[in-house]
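What follows is the residue order along each chain.
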Amino acid sequence: MVGELALPEQYPALLGELKTHIRAAQTRAALAVNRELVLLYHHIGQTILHRQGQAGWGAKVIDQLSQDLRREFPDMKGFSARNLKYMRAFAAAWPEPAFVQEVLAQITWYHNVALVEKLGDPQRREWYARATVTHGWSRNVLVHQIESRLFERQGQAVTNFERVLPAPQSDLARQLLKDPYNFDFLTLGQEAQERDLERGLLAHLRDFMLELGVGFAFVGSQVHLEVGGEDFYLDLLFYHLHLRCYVVIDLKIGEFRPEYVGKMNFYLSAVNDLKRHLQDAPSIGLLLCKTQNRLIAEYALRGVDKPLGVSTYQLTEALPEELKGQLPSVEELERELEGLGGRQDGE
């Protein structure tokens, strides 16, 4: 095209490099602003707490303080009376400035509000705060993990990891498995089969991966293995990026049975021989059952030399039969919503 500037051959690479640096600088600037904001809010909260304790300030003083601060700083939106009360609760929950600077300043104010709102126990608050920084959880993911009681479930599965894995890896692997797993995003009836459970998890793979935790990479379902001229299929196969190993998941719709361990031991031997690379750690097996007797599971794992865990899962039950037919259908709800929209337009 006439008049078009002829750019050097290296120009796209230069532009890409500058874009990367600019985005990194923007990220650092945003993190710095967030850090200063969290530290400011903690200081304001501490000041309010001190004044309330020393001078007996009440709620009316906070309301007045909100009005005056918003008048003085009209471009700042964090000085509502409600947010000032969050600052006070934030300072009360975290009296040590060092922890605020080292951990809490790395997450947003909205993360911190969620921690204060939803957790009264200091130990749990600190655990979720550190986990948020470590895993980079969004606020919504943090709330989901709190509401699903991740702290209580983490590391509760029956395993043989301490016996068959070296210490650092066994600790990480043990924390990797939960009991129970929360599959409340599924709705399966009493007659559901294992294939129904597998299809449901795959249909909600994002939710399933969130429940499994950070580090899992999905490899496939019904993964084919040929051993001795016969065909075998793994329900679910993952690779864990931190443990550097395959994780085989076998799904059972009923209660745990000791014979399941022998089958999983076979699967792990086959995966180690057919798929594991030299730099990979030994593959891990996870049996997911609807129910389990922990003592039976512990006995079944004795003498097994491959890392294996047994966990349960929770499902949201299907709609009870007695309620079916008493609730409106999707079509009826849509007609009702359309009717409401029309009445609102005509008002």
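This write-up is about the structure you can find in this document. Keep in mind the model is a prediction, meaning the values are calculated, not measured.

Here we look at the environment of Ala-129
Here is step 1 of the chain: Here Ala-129 is to be found in helix α6 (residues 122-135).
Here is step 2 of the chain: With relative accessibility at 0%, the residue Ala-129 sits in the buried group.
Here is step 3 of the chain: The spatial distance from the C-alpha of Ala-129 to the C-alpha of His-111 is 8.4 Å, given a sequence separation of 18 residues.
Here is step 4 of the chain: Among residues more than four places away in sequence, those in contact with Ala-129 are Trp-94, Phe-99, Val-103, Leu-104 and Leu-115.

Observations regarding the pairing of strand β4 (residues 230-240)
Here is step 1 of the chain: Both strand β3 (residues 216-227) and β4 contribute to a ladder of ten bridges, which runs antiparallel. The residue of β4 that forms the bridge with Gly-220 is Leu-237.
Here is step 2 of the chain: Connecting β3 to the antiparallel partner β4 that follows it, the hairpin turn spans two residues, and Gly-228 within it adopts a positive phi of roughly 60°.
Here is step 3 of the chain: Of the strand pairs in this sheet, β4 and strand β5 (residues 245-251) are connected by five bridges, and their pairing is antiparallel. By the bridge assignment for β5, Phe-238 is matched with Val-247.
Here is step 4 of the chain: Connecting β4 to the antiparallel partner β5 that follows it, the hairpin turn spans four residues, and Arg-244 within it adopts a positive phi of roughly 60°.

Some words on unusual backbone geometry
Here is step 1 of the chain: In this model, Arg-149 sits at a positive phi of 60°, which is unusual for a non-glycine residue.
Here is step 2 of the chain: Positionally, Arg-149 belongs in the loop between α7 (139-147) and α8 (150-153).
Here is step 3 of the chain: In this structure, Arg-244 takes a positive phi of about 60° despite not being glycine.
Here is step 4 of the chain: Within the element layout of this structure, Arg-244 appears in the loop between β4 and β5.

Focus on the packing of aromatic side chains
The geometry of an aromatic ring pair is captured by two quantities: the separation of the ring centres and the angle between the planes.
Here is step 1 of the chain: Across all of its chains, the model carries twelve aromatic pairs by this definition.
Here is step 2 of the chain: Seen from their ring centres, Trp-94 and Phe-99 are 5.1 Å apart, and the 20° between their planes marks the pair as stacked.
Here is step 3 of the chain: Between Phe-216 and Phe-238, the ring centres sit 5.8 Å apart and the planes meet at 90°, which makes this aromatic pair edge-to-face. Here Phe-216, found in strand β3, pairs with Phe-238, found in strand β4; they are 22 residues apart in sequence, far enough to count as distant.
Here is step 4 of the chain: Looking at Phe-238, the relative accessible area reads 0%, which means it is buried.
Here is step 5 of the chain: Three or more aromatic residues joined by ring pairs form one cluster here, namely Tyr-41, Phe-90 and Trp-109.
Here is step 6 of the chain: When the ring centre of Tyr-260 is taken as origin, the NZ or CZ atom of Lys-252, which lies over that ring, is 4.6 Å away.

A look at the packing of helix α3 (residues 81-93) against helix α5 (residues 109-118)
Here is step 1 of the chain: As a packed pair, α3 and α5 sit with axes 10 Å apart at the nearest point and diverge in direction by 70°. Viewed along their axes, α3 and α5 adopt a mutual orientation that is roughly perpendicular. With respect to the hand of their crossing, α3 and α5 are arranged in left-handed fashion. Residues Arg-82, Asn-83, Tyr-86, Met-87, Ala-89, Phe-90 and Ala-93 of α3 touch α5, and the partners they reach there are Trp-109, Asn-112, Val-113, Val-116 and Glu-117.
Here is step 2 of the chain: Tallied by class, the residues present in the contact of α3 with α5 amount to eight nonpolar, two polar and two charged.

Quick look at the nonpolar core
Here is step 1 of the chain: In terms of nonpolar packing, the biggest core is built from 34 residues, with Leu-84, Phe-90, Trp-94, Leu-104, Leu-115 and Tyr-128 touching the most fellow members.
Here is step 2 of the chain: Going through the elements one at a time, α1 (11-55), α2 (59-72), α3, α4 (97-102), α5, α6, α7 and α8 are the ones with two or more residues in this core.
Here is step 3 of the chain: Every residue in contact with Tyr-128, bar those within four places of it in the chain, is listed here: Leu-115, Leu-119, Trp-137, Leu-142, Gln-145, Ile-146, Arg-149, Leu-150, Phe-151 and Glu-152.

Details of α5
Here is step 1 of the chain: Counted residue by residue, α5 has seven buried out of ten residues, so it is predominantly covered.
Here is step 2 of the chain: If you check which residues of α5 are buried, you get Trp-109, His-111, Asn-112, Val-113, Ala-114, Leu-115 and Val-116.

Cut-off values and rules
- Residues numbered from 1 in each chain as written.
- Predicted model: local features only at pLDDT ≥ 70, side-chain atom pairs only at ≥ 80, totals over all residues.
- Heavy atoms only, no water.
- Helix = DSSP H or I, 4+ residues; strand = E, 2+ residues; numbered from the N terminus.
- Buried < 20%, exposed > 50% of the residue type's maximum accessible area, 1.4 Å probe, protein only.
- Contact = heavy atoms within 4.5 Å.
- Pairing = 2+ DSSP bridges.
- Phe/Tyr/Trp six-rings, centres within 6.5 Å; stacked < 30°, edge-to-face > 60°.
- Lys NZ or Arg CZ within 6 Å of the ring centre and 35° of its normal.
- Axes fitted to C-alpha atoms, helices over the stretch in contact; angles between N-to-C directions.
- Parallel < 35°, antiparallel > 145°, perpendicular 65-115°, else oblique.
- Left-handed = near helix turned anticlockwise from the far one by under 90°.
- Nonpolar A, V, L, I, M, F, W, Y, C, P; charged D, E, K, R; others polar.
- Core = buried A, V, L, I, M, F, W, Y, C linked by side-chain atoms within 4.5 Å.

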